[in-house]
Amino acid sequence: QVQLVESGGGLVQPGASLRLSCAASGSRISAYGVGWYRQTPGNQRELVASITNSGTTNYVDSVKGRFTISRDNGKNMVYLQMHSLKPEDTAVYYCNLKRMTLADTINYWGKGTLVTVSS
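Residues numbered from 1 in each chain as written. Predicted model: local features only at pLDDT ≥ 70, side-chain atom pairs only at ≥ 80, totals over all residues. Heavy atoms only, no water.

Caption draft 1: Quick look at the sheet that holds strand S3 (residues 18-25). Read from one edge to the other, the open sheet built from four strands follows the order S1-S3-S8-S7, with strand pairing classed as antiparallel. Both edges of this open sheet fall to strand S1 (3-7) and strand S7 (67-72), since each of them pairs with a single strand only. Strand-to-strand, the axes of this sheet are offset by a mean angle of 15°, without reference to chain direction. Both S3 and strand S8 (residues 77-82) contribute to a ladder of six bridges, which runs antiparallel. (Pairing = 2+ DSSP bridges. Helix = DSSP H or I, 4+ residues; strand = E, 2+ residues; numbered from the N terminus. Axes fitted to C-alpha atoms, helices over the stretch in contact; angles between N-to-C directions.)

In structure tokens, the structure reads:
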């Protein structure tokens, strides 16, 4: 059973930085693509950033140049470094592992960590 535990969220002022961490257990993340999603009340979960096992990254336009996703397969950890935070970045952030097979797409999710950007 794969478990993901996010940490690092909190209340920060606009312009601040935060680093989110995701600790995985039950499986090696090297077998998965990994990503960070975020969700606000009443809205769908949005992909913020993703990184493949080969290191190819993808970001939603609103965070390009401010957020950086990384993975440490040896430590089974995923990170999201966030700089120049804006109030619109306020959301619950979720870690995701994804693996696509011929028959199915396998997704694992953490419970999320809340990021609040407010003055």
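Caption draft 2: Summary view of the packing of aromatic side chains. Under the defined criterion, the tally for this structure stands at two aromatic pairs. Measuring from ring centre to ring centre gives 5.9 Å for Tyr32 and Tyr108, while their planes differ by 80°; the resulting arrangement is edge-to-face. With Tyr32 in the loop between S3 and strand S4 (33-39) and Tyr108 in strand S10 (residues 105-109), this residue pair connects regions lying 76 residues apart in the sequence. For Tyr32, a relative accessible area of 5% corresponds to the buried category. An angle of 70° between the planes, with centres 4.8 Å apart, marks the rings of Tyr37 and Trp109 as edge-to-face. (Phe/Tyr/Trp six-rings, centres within 6.5 Å; stacked < 30°, edge-to-face > 60°. Buried < 20%, exposed > 50% of the residue type's maximum accessible area, 1.4 Å probe, protein only.)

Caption draft 3: Spatial organisation of the pattern of salt bridges. Under the counting rule described, the total for this entry stands at four salt bridges. Here Asp61 ties to Lys64 by a salt bridge, and the two come within 2.9 Å at their closest N and O atoms. Linking Asp89 and Arg66 is a salt bridge whose minimum nitrogen-to-oxygen distance equals 2.8 Å. Residue Asp89 is located in the loop between S8 and strand S9 (91-100), and its partner Arg66 is located in the loop between strand S6 (57-59) and S7; the two are separated by 23 residues in the primary sequence. On the basis of relative accessible area, Asp89 is assigned to the buried category, the value being 1%. Through salt bridges with shared partners, a single ionic network connects Arg38, Glu46, Arg66 and Asp89. (Salt bridge = Lys/Arg side-chain N within 4 Å of Asp/Glu carboxyl O.)

Caption draft 4: Up close: the side chain of Asn96. Residue position: Asn96 is located in strand S9. Judged by its relative accessible area of 2%, Asn96 is buried. Asn96 has contacts with Leu4, Gly33, Val34, Gly35, Tyr37, Asn107, Tyr108 and Trp109, leaving out every residue within four places of it along the chain. (Contact = heavy atoms within 4.5 Å.)

Caption draft 5: Here's a closer look at the nonpolar core. If you look at the biggest cluster of nonpolar residues, it comprises 28 residues, and the most contacted ones within it are Trp36, Phe67, Ile69, Val78, Leu80, Met82 and Tyr93. Where this core is concerned, the elements lending two or more residues are S3, S4, strand S5 (46-51), S7, S8, S9 and strand S11 (113-117). (Core = buried A, V, L, I, M, F, W, Y, C linked by side-chain atoms within 4.5 Å.)

Caption draft 6: Region of interest: the state of the cysteines. Under the criterion given, the structure shown has one disulfide. Across the disulfide, Cys22 is cross-linked to Cys95 (sulfur-sulfur distance 2.2 Å). Across the S-S bond linking Cys22 and Cys95, the dihedral sits near -85°, which makes this disulfide left-handed. In this pair, Cys22 sits in strand S3 while Cys95 sits in strand S9, placing the two residues 73 residues apart along the sequence. (Disulfide = S-S within 2.5 Å.)

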